[in-house]
Amino acid sequence: MDCKTAMLQAARDRDCFYLYDERRILAQIDALQAAFPNAALLYSIKCNPHPHVLDCVFRHGLWADAASAREAELAHEAGLTPRQIYYSAPGKTLSDLERTADIATLIADSPAELRRIAALAEQRGRVMEVGVRVNPAFSFGGGDGSPSKFGIDEEQLPDLLAASGPWIRVTGIHVHLRSQELNADVLSRYHLDLLSLADRLQAQCGIRLAYINMGSGIGIPYAAGDAPLDVPAVGHALATAVRTFRERYPDTRILLESGRYVVGQSGVYVTRVLDRKVSHGRTYLIVKSTLNGFLCPSLARLVEHYAGTAAAPCEPLFTKADAFAVSALSDGPAAETVTVAGDLCTAADVIAEDIRLPHLEPGDLLTISNAGAYAAVLSPMQFSSHDRPAELFLTGDGALLT
Ligand SMILES: *Cc1c(COP(=O)(O)O)cnc(C)c1O
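Along each chain, residue indices are assigned from 1 in the same order as the chain's sequence is written. Per-residue local features of the predicted model are confined to residues with pLDDT of at least 70, and side-chain atom pairs are confined, for both listing and counting, to 80 or more; whole-chain, interface and lining totals are unaffected and use all residues. Side-chain measures here rest on the full set of heavy atoms in the structure, leaving out hydrogens and waters.

Student: For this particular structure, what's the right way to read helix 8 (residues 184-205)?
Tutor: Helical geometry: 3.6 residues make up each α-helical turn, so side chains three or four residues apart lie on a common side. Starting at the N terminus, helices and strands are each numbered in turn, a helix being any DSSP run of H or I of at least four residues and a strand any DSSP run of E of at least two. Expected helix span is given by 1.5 Å per residue-to-residue step, counting one fewer step than there are residues. Along its 22 residues, helix 8 runs 31 Å from first to last C-alpha, staying within 8% of the 32 Å computed at 1.5 Å per residue. Capping the start of helix 8, Asn183 holds a side-chain oxygen 2.8 Å from the backbone nitrogen of Asp185, two or three residues further along. Polar contacts, as used here, are pairs of N or O atoms within 3.5 Å; protein pairs need one atom able to donate a hydrogen and one able to accept it. Residues neighboring in sequence count only if both atoms are side-chain atoms.

Put into structure tokens, the structure is as follows:
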């Protein structure tokens, strides 16, 4: 069945749910693999760890960017090897490191963490290969580096690695400075800066890098007016730069991470109109589980209310004011101006104000776009003890899985 049929079928016994479309995920993976044929692609599990989604992305050749010990375990349980799972997050506990040392490639996020990993390696009596997350001396859009809660300042690394002892060997670096970039030139400039960084660190620290994990930054069009990122152009520029780099370092693997590009647009949130009313001349539609089912559209309204439409992004909580399209599932011309609000007892639960929609009655369905990444995982589903929205998966063969 197609996506719309799946939504109608799923809505027979549900008032709200997510639907993830495998065909769209596969198209996105194809686009990345075509653009970056010589890089390994890591799926950033934190954006959507739904079991069918993980199964799909790993079956189609993506490796794992794990942001927690549990995510490293999910990738391991899916059959990925330690070389295919990169665990990078600030504040890993000793227990996190113990759980993951044998199943993932650990990326140290601080000097203390590097020492903790060395102590663990010594205790286990084997030399461990680790990566370090680097806070570089440059910033994403050009210019100098800045303080960061992530990683180790580039300038600290030579002394730190010289003193790191016999039990760890640093064989990789990881940098991720920004998500959701739509300008190919800016993203390509960042990739070039990373290759220079790798060059510098290998010279200054006497290390040999088996991999450079370049993080993400790969953006998607959220609003109707967003020009999509020219992914093939980014791929072409990277391939050219890597060809030169590999003349000196032929064995260094390039890793790219992506969460939202892979699944962001594959998801739709479907919610039912529960009530309608007019107050002081304004028409309200009350719909099922908005703020508590899919948080980001309500947050976008909140940010717009306080900061205006041009507020700076704060990923993954806020991308832009018009990042999510609210539409009627039924076809029909726009017939009235309505405000769409959720069924929570808080005035903050509003997802659209004064938008044009067909005339809808209780029982009708609305869809919210861009619900595949940072959607279900970010939403406060315990609030008010409502039922959680279901997460459904439409396979490439058109089967609806629950
Ligand atoms: C969240 C995250 C990503 C994924 O970013 P997207 O914008 O979803 O592609 C990649 N790398 C790191 C380190 C992250 O924290």
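Student: Quick question: what am I supposed to make of the pairing of strand 3 (residues 63-66) here?
Tutor: Regular strands place their side chains on alternate faces of the sheet. Side chains Trp63 and Asp65 of strand 3 all project onto a buried face; the interleaved residues Ala64 and Ala66 project onto the opposite face, where all are buried too. Strand pairing is defined by DSSP finding a minimum of two bridges between the two strands. As defined by bridge partners, strand 2 (residues 39-44) adjoins strand 3 across three bridges and the pair is classed as parallel. Residue pairing across strands places Leu42 opposite Trp63, the latter belonging to strand 3. Handedness of the crossover is the feature at issue here: the chain leaves strand 2, passes through helix 3 (residues 51-59), returns alongside strand 3, and the resulting connection is right-handed. Think of it like this: strands point away, you trace from the first strand over the helix to the second, and a clockwise trace means the crossover is right-handed. Between the parallel elements strand 3 and strand 4 (residues 85-88), the chain passes through helix 4 (residues 69-77) in a crossover that is right-handed. Only protein chains enter the accessibility calculation, which uses a 1.4 Å probe. A residue is then buried if its area is under 20% of the maximum for its type, exposed if over 50%, and partly exposed in between.

Student: Would you explain the environment of Val270 in this entry?
Tutor: Along the chain, the position of Val270 falls in strand 11 (residues 267-279). Of the residues examined, Val270 reaches a relative accessible area of 0% and is grouped as buried.

Student: I'm lost on the pairing of strand 2 in this one. Help?
Tutor: The buried fraction of strand 2 is high, at six of six residues. Covered by surrounding structure in strand 2 are Ala39, Leu41 and Tyr43 together with Ala40, Leu42 and Ser44, the residues of both alternating faces. As judged from the five bridges shared by strand 2 and strand 10 (residues 253-258), these two strands associate in the parallel manner. Across the sheet, Leu41 pairs through a bridge with Leu256, a residue of strand 10.

Student: Got a minute to help me understand the site of the ligand in this structure?
Tutor: We define proximity as follows: a residue is near a molecule or strand when any one of its heavy atoms falls within 4 Å of that partner. The environment of the ligand is formed by 13 residues, the closest being Lys46, Ser216, Glu257, Arg260 and Tyr374. Within the side chain of His176, a nitrogen or oxygen atom sits 3.5 Å from a nitrogen atom of the ligand. The side chain of Arg260 places a nitrogen or oxygen atom 2.7 Å from an oxygen atom of the ligand. Using the Shrake-Rupley algorithm and a 1.4 Å probe, accessible areas are obtained, with residue cover drawn only from the displayed protein chains. Notes on the ligand: free accessible area 390 Å², of which the protein chains cover 92%. In the shell around the ligand, the residues fall into one nonpolar, seven polar and five charged. Only Asp, Glu, Lys and Arg are considered charged in this grouping, and only Ala, Val, Leu, Ile, Met, Phe, Trp, Tyr, Cys and Pro are considered nonpolar; every other residue, Gly among them, is considered polar.

Student: Can you walk me through the environment of Pro136 in this structure?
Tutor: Inspection of the secondary structure puts Pro136 in the loop between strand 6 (128-135) and strand 7 (152-153). Taking the C-alpha atoms as reference points, Pro136 and Leu177, separated by 41 residues in sequence, lie 9.1 Å from one another. Ignoring any residue separated from it by four or fewer positions in sequence, one finds Pro136 in contact with Gly145, Glu154, Val175, Leu177 and Leu197. Residue contacts are defined here by distance: any two heavy atoms, one from each residue, within 4.5 Å place the two residues in contact.

Student: How should the pattern of salt bridges be read in this particular structure?
Tutor: By salt bridge we mean one thing: a side-chain nitrogen of Lys or Arg within 4 Å of a carboxyl oxygen of Asp or Glu. Applying the stated criterion across every chain yields a total of 22 salt bridges. Here Arg178 makes a salt bridge to Glu181, at a shortest N to O gap of 2.7 Å. In this structure, Arg301 and Glu304 form a salt bridge, with 2.6 Å as the shortest nitrogen-oxygen distance. A residue pair is termed a helical-turn pair when its members lie 3 or 4 positions apart in one helix, as Arg301 and Glu304 do in helix 11 (residues 295-307) at three residues. Judged by its relative accessible area of 15%, Arg301 falls in the buried class. Residue Glu304 is classed as partly exposed on the basis of its relative accessible area, which comes to 26%.

Student: Whenever I open this one, unusual backbone geometry confuses me. Can you help?
Tutor: A negative phi angle characterises most non-glycine residues, just as the trans form characterises most peptide bonds. In this structure, the amide linkage connecting Glu315 to the following residue, Pro316, adopts the cis form with an omega of -5°. Within the secondary structure, Pro316 is located in the loop between helix 11 and strand 13 (326-328). For Ser289, which is not a glycine, the phi torsion comes out positive at approximately 45°. Mapped onto the fold, Ser289 is located in the loop between strand 12 (282-287) and helix 11.

Student: Could you clarify how one ought to interpret the packing of helix 2 (residues 22-35) against helix 3 in this entry?
Tutor: Relative placement of two packed helices is described by the angle separating their axes and the distance separating the axes. Look at helix 2 against helix 3: their axes get within 11 Å of each other, and the N-to-C directions meet at 35°. As for the relative orientation of helix 2 and helix 3, their crossing is right-handed in sense. Of helix 3, the residues touching helix 2 (which contributes Glu22, Ile25, Leu26 and Ile29) are Val53, Cys56, Val57 and Arg59. Among the residues making up the contact of helix 2 with helix 3, the classes are represented as six nonpolar, no polar and two charged. In this analysis an axis means a line fitted to C-alpha atoms, helices contributing only their contacting stretch, and an angle means the value between N-to-C directions, from 0 to 180 degrees. Crossings are classed by handedness, with left-handed meaning an anticlockwise turn of the near helix from the far one by less than a right angle and right-handed meaning a clockwise turn.

Student: How should I be thinking about the nonpolar core in this particular structure?
Tutor: Generally speaking, nonpolar side chains in soluble globular proteins are found buried as a group. Residues belong to one nonpolar core when they are buried, are Ala, Val, Leu, Ile, Met, Phe, Trp, Tyr or Cys, and are joined through side-chain atoms within 4.5 Å. Counting residues in each nonpolar core, the largest one holds 114 residues, and the members touching the most others are Phe36 and Tyr43. For this core, the leading source of residues is helix 8, giving nine residues. Excluding residues within four positions of it along the chain, Phe36 makes contact with Leu41, Ile218, Val231, Val234, Gly235, Leu238 and Leu256. In this structure, Met7, Ala11, Val270 and Leu392 belong to the second largest nonpolar core, which totals twelve residues.

Student: Even after reading the chapter, I still don't get helix 3, so can you show me in this structure?
Tutor: Those residues of helix 3 that sit buried are Val53, Leu54, Cys56, Val57 and Phe58. Backbone geometry just after helix 3 places Gly61 at a positive phi near 95°.

Student: It is not clear to me how the packing of helix 2 against helix 9 (residues 231-248) should be interpreted in this structure. Could you clarify?
Tutor: Their axes nearest at 8 Å, the elements helix 2 and helix 9 cross at an angle of 30°. In this view, helix 2 runs roughly parallel relative to helix 9, as classed from their interaxial angle. Between helix 2 and helix 9, the residues in contact are Ala31, Leu32 and Ala35 and Val231, Pro232 and Gly235, respectively. Looking at the contact of helix 2 with helix 9 residue by residue, the class counts come to five nonpolar, one polar and no charged. Geometric relationships in this document are graded by angle, where less than 35 degrees denotes roughly parallel, more than 145 denotes roughly antiparallel, 65 to 115 denotes roughly perpendicular, and other angles denote oblique.

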